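# Understanding the architecture of this molecule
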Amino acid sequence: MLPYHRLTPGSLTGLACGEGDPDTLTLLLAAERSRRLLLLRMLDDATELGPGWDLLNEAQRRAPAVVDELLTYPQTGMWLATALRRLRGTAARDEPPLWVVLGHFSALAAVAGLRAEIDFTIQVPVRHGRVVLPALGCAVVPAAEPWTTATVRVEAGNAVVETAGATVAVPPTPGSAGPGWHPLRRLAVGPARQRLEVALDDVDPYRTYPQPTEPRPLSEEAAGRWRQVLERAWDVLRQEQPGTAEAMRRGVLSLTPTPARERFRPRSVTSGDAFGGIEASDPDDAVQLAVTLVHEFQHTKLGGLLHLTPLLTDDSDGRTELWYAPWRDDPRPLEGLLQGIYAFVGITRFWRTHRRSTGAHTTMADFEFALWRTHLSRAIEQVHRHPRLTPLGGVLVDTLRGDCARWLEEPVPEEQLALARLCADDHVARWRAHHLRPPAPAVDEAVHAWLAGASGPPASLAAEPGVVPDPAARWLDSLAMLVRHGIAATDDDRPAPEEAEKAAARVTGALAGDALLALGDPAAAHRAYVTDLTTDRARPGAWSGLGQALTATAEAPEAARLLRHRPEQARAVHESLWHTTGAPPDPVRLATWLAGRQGPPGGTR
């Protein structure tokens, strides 16, 4: 019997709390190494990897630590998964030819051979004029075709990449540039005993998840900016979350930079196939990068745990349940929601600690903590005691639920607490307006009842709505983004923008009413939302905003309550009435009628 990997009770307890010490990360990384070896054997059995296999074997005999390091490099795991999916026909077809994907193994073997001081010659792929040597760098060569081959030759420790039109020397010192050679940069930040060492990978095609992309080397200036912001982010983590930082030193291995996005909307990705790798957009500041590292490290730990033991049983009836995830625009399956819960436990914990740090702008931290603990609580309550949770999955959810309950009791300044509640309520209502649909017969009955002057909607409309994913649902967090802009302006001692149009223009997907609501003018927001709902059918988010505005002004309380809790009813009936009569009904009167507290509507406007 082959030995198998086990986590200690202490490691399981730590992971169930959303944490995990360096020893736990060492165990997870060892398991990932074994998994990579198994996948590599599967790939060789399916394709006969040829000369590269012999070279890798020889490198392992001479320098096993070198091969282990290459095997556990995040991009190696991503390549293995991609290659096996290509062989099984489950990957996208617009990728490089299969021989290019499989040929990446020869490039891996070449790096292992070079570092093990073996003399060899081997053919490797050329991708759009770039020859990638994983965890080392890439050579730029002339190429008339997008996909071709080059020769890597090593003699007495000197390595060259050769094609018919060029020879590029690989510098003997790792990280050094040379003519035609872009090195893989390695960043080391922090003091000696608390140093984080990561690869800043801008060349490996398997550095982006889940789809590979061609190398895009950073300029020296851009790489310098990343080094500086990572240094500052690491200082934040070391000082405020030393336990998490120490574990990251073992579990964060590479960082893939991508272009900056809109302020307060960073993009970051990890993959269970690329343990230790993080893809992240250029951050707004060091605190945002620190949050991103925490976020994605949570995914890394949970992904490693899931490779060892399940947290959910199989979906036996084959019917995929879809759930509300407060950090997403789209409905999520249970597996995805559990991943998000685990990740945002880390984010909530970060803001809880950061708001207590010396010198921090606590207004933003208070808002973020209050917002994410609310979101997190709502997500956890949906899945608590779900029948698909395994015993370990149940312990994990119970533990996180207990932590969140304690966080909900912690005091937050009233202003930030109110803003957080506003944004949390708005997000869930927008999600409902987009993705929930009342039964079609009930909507038809409601339309007939309205047109007939009935005193209220039919009882059938109270039936549980179904989840119908709306692909047009985007930017459901727009109100929270506007609030963040306002807080940032206050923290920076700058006046908040006075014009709603200018404020909304800063945030993709924001409506004028959203900006007015964020600026504290709910009466004007009310008017703006009504205008949207009577002139443009493609504004489902306006239903939620209208409900928030009515609540703030204490107008039409029945309508406000319905729009905050069941906006999908108003949207469905409103759209059907508009289609039937050719004119939109007054949104507030319709919502009041749907709440069942008003007499005959008396008209369509």
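Here the structure is a predicted model, which means the values were calculated and not measured.

### Section: the packing of aromatic side chains
Counted under the stated rule, the structure contains seven aromatic pairs. Arranged with centres 4.7 Å apart and planes meeting at 35 degrees, the rings of Phe 344 and Trp 372 form a pair that is tilted. Placement of Phe 344 in helix H10 (residues 334–354) and of Trp 372 in helix H11 (residues 362–383) is noted, with a sequence separation of 28 residues between them. As far as the burial class goes, Phe 344 and Trp 372 line up, both buried. An angle of 85 degrees between the planes, with centres 5.3 Å apart, marks the rings of Phe 350 and Trp 351 as edge-to-face. Classification of Phe 350 as buried rests on a relative accessible area of 1%. Classification of Trp 351 as buried rests on a relative accessible area of 9%. Put simply, the rings of Trp 53, Trp 79 and Phe 105 pair up and form one aromatic cluster. Above the plane of the ring of Trp 475 lies Arg 474, whose end atom (NZ or CZ) is 4.5 Å from the centre.

### Considering the environment of Arg 356
By the element assignment, Arg 356 lies in the loop between H10 and H11. Overall, Arg 356 belongs to the exposed group, its relative accessible area being 53%. Residues Arg 356 and Pro 257, spaced 99 residues apart in sequence, show a C-alpha to C-alpha distance of 30 Å.

### Concerning the nonpolar core
One recurring pattern in soluble globular proteins: nonpolar side chains tend to sit buried together. Core analysis: the biggest nonpolar cluster contains 122 residues, and Leu 237, Trp 327, Ile 341, Leu 376 and Val 573 have the highest contact counts within it. Once residues lying within four places of it in the same chain are set aside, the contact partners of Val 573 are Val 443, Ala 446, Val 447, Leu 461, Leu 590 and Leu 594. Listed in part, the 58 residues of the second largest apolar core include Ala 116, Cys 138, Ala 139 and Ala 159.

### Some words on the sheet that holds strand E8 (residues 185–189)
Spatial ordering of the open sheet is given by E8-E9-E10-E12-E11, a layout of five strands whose pairing is mixed. At either margin of the open sheet sits one strand with a lone partner, and together these are E8 and strand E11 (268–269). Here strand E9 (residues 196–200) runs beside strand E10 (residues 254–258); their pairing, made up of two bridges, is parallel. Along E10, the bridge assignment pairs Ala 199 with Ser 254.

### Examining the packing of helix H8 (residues 242–251) against helix H9 (residues 286–306)
Relative placement of two packed helices is described by the angle separating their axes and the distance separating the axes. Look at H8 against H9: their axes get within 11 Å of each other, and the N-to-C directions meet at 60 degrees. It follows that H8 is oblique to H9 by the angle criterion. Between H8 and H9 lies a crossing of left-handed hand. Contacts from Thr 244, Ala 247, Met 248 and Gly 251 of H8 reach H9 at Leu 293, Val 294, Phe 297 and Thr 300.

### Structural notes on H9
Counted at 1.5 Å a residue, the expected span for H9 with its 21 residues is 30 Å, and the 30 Å between its end C-alpha atoms agrees. Within H9, 19 of the 21 residues are buried, which leaves the element mostly enclosed by the surrounding structure. Structurally, the start of H9 carries an N-cap: the backbone nitrogen of Val 287 is 3.2 Å from a side-chain oxygen of Asp 285.

How each quantity is defined
- Residues numbered from 1 in each chain as written.
- Predicted model: local features only at pLDDT ≥ 70, side-chain atom pairs only at ≥ 80, totals over all residues.
- Heavy atoms only, no water.
- Phe/Tyr/Trp six-rings, centres within 6.5 Å; stacked < 30°, edge-to-face > 60°.
- Helix = DSSP H or I, 4+ residues; strand = E, 2+ residues; numbered from the N terminus.
- Buried < 20%, exposed > 50% of the residue type's maximum accessible area, 1.4 Å probe, protein only.
- Lys NZ or Arg CZ within 6 Å of the ring centre and 35° of its normal.
- Core = buried A, V, L, I, M, F, W, Y, C linked by side-chain atoms within 4.5 Å.
- Contact = heavy atoms within 4.5 Å.
- Pairing = 2+ DSSP bridges.
- Axes fitted to C-alpha atoms, helices over the stretch in contact; angles between N-to-C directions.
- Parallel < 35°, antiparallel > 145°, perpendicular 65-115°, else oblique.
- Left-handed = near helix turned anticlockwise from the far one by under 90°.
- Expected span 1.5 Å × (residues − 1).
- Polar contact = N/O pair within 3.5 Å; in protein donor to acceptor, adjacent residues only side chain to side chain.

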